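Single-letter residue listing:
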Amino acid sequence: MYKRKLYLFGLLSTFILIIALASAAVTAHLTRANLEQSQLAQSLLSEHQELSSTSYRLFKQLTDELIFGKGANQANVRNKQEKIDQSITRIKKFELAQREALGLDATQGSVEDTDELEALIAYIVSEFRDIAQLNDSTPLHEQERLHTLLESTIDNQFREAINAAVVRQGKVVSRINASIDTLNTSIVWFTIILGAITCPFILLGCYWLFNALYHPLTVIRTGTDAIASGNYHYRLPETLDDEFTDLVKALNSMIARLAEHEDKASAYRKQLEYDVETRTRALQEVNNKLTQLDAKRRQFMADVSHELRTPLTIIRGEAQVTLRQKSATNEIYQETLHTILEQSVKLSKLVDDLLLLARAEMHEFTLDVAEYSLKSLLNEQIALWQKIVKPRVISLKWNIDSVDKSQTVIIDKDRITQALTILIENASKYSTEHAPITLAVDENDHWVNIHVIDISEGISSSDLEHIFERFVRLKRKGDGMGLGLSIAKAIAEAHGGKLVATSTLGKGSTFTLSIKKANNNKPLAAFEETTFSEVPNNERQP
């Protein structure tokens, strides 16, 4: 499209140039023709003047012949006649050419007057010859014929003819000069008019052509500025001239690719920021956990040191007191040894409990599992504890539709018995005096749940969050070291189960030991290698 505009502008400019050149050529031709006619008219005028001068000299010489004799100046006379003939010939030639160029109206009488002038000159010469041949003895100034020739014919007719020819030719020259002036004036006005017409057109054409080129360049520059500023959603219009279409498409394609790269880079940055934030949050959580674990570790070491120090202090104190006595009886020694043995048993139990928990944390808590009847196990534990807490009533409730289906479980009997012992002992220790203890059994899709329910003051929600931590002893009755519930929880988790606690202040507490059903458990060989693992958080607590 832009090429067409260039072609159109070039054609129109060429047309104007052709008009100007044609006008110049026509003007030059007319000027040349006028100059030629002016030169021809000037030549005619000069020839008429030369003819007049030559004729008068001829007439003078002929007069001298009359005065001085017939043989005087014959050579000059013949020379002047030849010049007159040549001049008249040239005048006729020029007048014919002038008539042909200017037309009959402009040269009316020129050729005819020349013929008459030629005849008049011939007549005058003939009169001079005739007068000379008469040999009249009358004085010349008295000769009537000569006087008529000189006065009338030469002074009047010849002079008037010559003057008329000169005047006529002068008018032709003036007319030609006027024509040249008119032509020059026309040329000037034509040039002014042509310039007045073409100059605005050329200026408008240049302005139009410049805008036609400048607009696409402006659009492209705007697009490149948008790209440079990062506006990758900007698109250049594809409505420009054909010469710019490929460039615009290439730029739009480049912008699209840059936008795609920028979107990907932005997505990568956001993903990176999200990953960094996630990792930072995870690191903070891990750091918080490590801080908490470190605090627990320090507290654990302090508690262990305290718990170990107490029996060791008693053992050392009893031994020192006994050894200071110079005459101690056997009863005193026996009492000291009994105390030392009692504290050693407590110390041994504490070490065993700590070792169990350490193995659980190091995933080295192995189980010796086998198939057992849950109903028999619970009945056995209830009978044993009924003897220990004889004033209380320990009852067992089955909330299972099909007891036969759920009564067989794959467990480590000793460890489960240890966990149940801890739960029943806590229920007996912290519940209201003589209040009954209930063991309720139910099931859901995957679990068999054993609920140990007591009637007591209950546990506050703030204490309930820490009840399974080591060495945590609430302000309740009992002299334990605070490891029982931690051990019971570790045993439950080692079986792939869980231990949770719920409590209502003033009503009592419920500890629920959940064990997976036998038909959902792993094969027996696999359970023999089972180690400690956490219970999935998405499992619903009973």
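Our subject is the structure listed above.
Please read all numbers here as calculations on a predicted model, not as lab measurements. (Residues numbered from 1 in each chain as written. Predicted model: local features only at pLDDT ≥ 70, side-chain atom pairs only at ≥ 80, totals over all residues. Heavy atoms only, no water.)

**Student:** Even after reading the chapter, I still don't get the overall build of the chain, so can you show me in this structure?
**Tutor:** The secondary structure content of the chain amounts to 12 helices and 7 strands. Within the chain, the fraction of its 542 residues that count as buried is 34%. Partitioning the contacts of the chain with sequence separation of at least 6, the portion at a separation of at least 24 is 73%. Entry remark: accessible area of the chain is about 33100 Å², with carbon and sulfur atoms responsible for 56%. (Helix = DSSP H or I, 4+ residues; strand = E, 2+ residues; numbered from the N terminus. Buried < 20%, exposed > 50% of the residue type's maximum accessible area, 1.4 Å probe, protein only. Contact = heavy atoms within 4.5 Å. Areas by Shrake-Rupley, 256 points an atom, 1.4 Å probe, with all protein chains shown as cover.)

**Student:** Would you explain the packing of helix α9 (residues 413-430) against helix α11 (residues 484-494) in this entry?
**Tutor:** For any two helices packed against each other, the geometry comes down to the angle between their axes and how far apart the axes lie. One way to put it is that α9 packs onto α11 with a least axis distance of 9 Å and a crossing angle of 145°. In the packing of α9 onto α11, the handedness of the crossing is left-handed. When α9 is examined against α11, the residues Arg-415, Ile-416, Gln-418, Ala-419, Ile-422, Leu-423 and Asn-426 are found in contact with a partner set consisting of Gly-484, Leu-485, Ile-487, Ala-488 and Ile-491. When grouped by side-chain class, the residues that make up the contact of α9 with α11 number 8 nonpolar, 3 polar and 1 charged. (Axes fitted to C-alpha atoms, helices over the stretch in contact; angles between N-to-C directions. Left-handed = near helix turned anticlockwise from the far one by under 90°. Nonpolar A, V, L, I, M, F, W, Y, C, P; charged D, E, K, R; others polar.)

**Student:** Would you take a moment to explain the pattern of salt bridges for this structure?
**Tutor:** Charged atoms that come close allow side chains of opposite charge to pair. By the definition in use, this model includes 7 salt bridges. Asp-115 is the salt-bridge partner of Lys-92, the closest N and O atoms lying 3.4 Å from each other. Taken together, the positions of Lys-92 in helix α2 (residues 74-102) and Asp-115 in helix α3 (residues 110-134) put the pair 23 residues apart, joining distant regions of the chain. Judged by relative accessible area, Asp-115 falls into the partly exposed class, the value being 36%. Put simply, Glu-277 and Arg-281 hold a salt bridge, and the shortest N to O gap is 3.7 Å. Remark: Arg-281 and Glu-277 occur in helix α5 (residues 242-324); sequence separation between them is 4 residues, near one turn of the helix. (Salt bridge = Lys/Arg side-chain N within 4 Å of Asp/Glu carboxyl O.)

**Student:** I'm lost on unusual backbone geometry in this one. Help?
**Tutor:** Peptide bonds are, in most cases, trans, and in most cases residues other than glycine have a negative phi. Even without being a glycine, His-434 presents a positive backbone phi close to 65°. Position of His-434 relative to the elements: it lies in the loop between α9 and β4 (437-443).

**Student:** Looking at this structure, I do not really get the packing of aromatic side chains. What am I missing?
**Tutor:** When we look at a pair of aromatic rings, we describe it by the centre distance and by the angle of the planes. With the rule as written, the count across this model stands at 2 aromatic pairs. A centroid spacing of 5.3 Å and a plane angle of 80° characterise the contact between Tyr-56 and Phe-158, whose relative ring orientation is edge-to-face. Taken together, the residues Tyr-56 in helix α1 (residues 2-68) and Phe-158 in helix α4 (residues 144-228) connect sequence positions 102 residues apart. A relative accessible area of 28% places Tyr-56 in the partly exposed class. Residue classification places Phe-158 among the buried positions, given a relative accessible area of 0%. Between Phe-468 and Phe-511 the ring centres are 6.4 Å apart and the planes differ by 85°, which places this aromatic pair in the edge-to-face class. One end of the pair, Phe-468, is in the loop between α10 (461-464) and α11; the other, Phe-511, is in strand β7 (residues 508-516), with 43 residues separating them in the sequence. (Phe/Tyr/Trp six-rings, centres within 6.5 Å; stacked < 30°, edge-to-face > 60°.)

**Student:** Would you take a moment to explain a nonpolar patch on the surface for this structure?
**Tutor:** Side chains of Leu-8, Leu-12, Phe-201, Ile-202 and Trp-208 sit close together on the surface and give an oily, nonpolar patch of about 410 Å² of accessible area. Broken down by secondary-structure element, the contributors of at least two residues to the nonpolar patch are α1 and α4. The biggest single contributor to the nonpolar patch is α4, with 3 residues. Checked against the element boundaries, Leu-8 lands in helix α1. (Patch = residues over 30% accessible without salt bridge, like charges linked within 9 Å, V, L, I, M, F, W, Y side chains within 5 Å.)

**Student:** Help me understand the sheet that holds strand β2 (residues 394-399), please; the structure alone is not making it clear to me.
**Tutor:** Note on sheets: strands pair through backbone hydrogen bonds, and any given pair is parallel or antiparallel. Strand order in the open sheet made by the 5 strands is β2-β4-β5-β7-β6, with mixed pairing throughout. Since the sheet does not close on itself, it has two edges, and those belong to β2 and β6 (498-504), each with one partner. Shown here is a sheet whose adjacent strand axes are inclined to one another by a mean of 20°, direction ignored. (Pairing = 2+ DSSP bridges.)

**Student:** Before we go on, may I ask you to explain the nonpolar core in this structure?
**Tutor:** Across soluble globular proteins, you tend to see nonpolar side chains buried next to one another. By size, the foremost hydrophobic cluster in this structure holds 42 residues, and its most contacted members are Ile-394, Leu-439, Phe-511 and Leu-513. Per-element tally for this core: the top contributor is α9, with 7 residues. Residue contacts for Ile-394: discarding those within four places in its chain leaves Ile-382, Trp-385, Gln-386, Val-389, Ile-424, Ile-437 and Leu-439. Residues Leu-44, Phe-59, Ile-84 and Leu-146 belong to the second largest nonpolar core, which totals 21 residues. (Core = buried A, V, L, I, M, F, W, Y, C linked by side-chain atoms within 4.5 Å.)

**Student:** Got a minute to help me understand helix α7 (residues 374-388) in this structure?
**Tutor:** In this model α7 runs 21 Å from its N-terminal to its C-terminal C-alpha over 15 residues, within 8% of the 21 Å that 1.5 Å per residue would give. For α7, the full list of buried residues reads Leu-374, Leu-377, Leu-378, Gln-381, Ile-382 and Trp-385. Take α7 and look down its axis: the buried residues cluster within an arc of 130°, on one side only. (Expected span 1.5 Å × (residues − 1). Arc of directions from axis to C-beta.)

**Student:** Can you help me understand α9 in this one?
**Tutor:** Since one α-helical turn is 3.6 residues long, residues separated by three or four positions face the same way. Between its terminal C-alpha atoms α9 stretches 26 Å, which fits the 26 Å expected from 18 residues at 1.5 Å a residue. When we look at burial in α9, the residues that qualify are Ile-416, Thr-417, Ala-419, Leu-420, Ile-422, Leu-423, Ile-424, Asn-426, Ala-427 and Ser-428.

**Student:** What am I meant to see in the pairing of β6 here?
**Tutor:** Consecutive side chains along a regular strand alternate between the two faces of the sheet. In this sheet, β7 lies alongside β6 in antiparallel orientation, the contact comprising 7 bridges. Directly across from Ala-501, in β7, lies its bridge partner Phe-511. The antiparallel hairpin formed by β6 and β7 contains 3 residues in its connecting segment, where Gly-506 sits at a positive phi of about 85°.

Treat this as a map of the structure, not an account of what it does.
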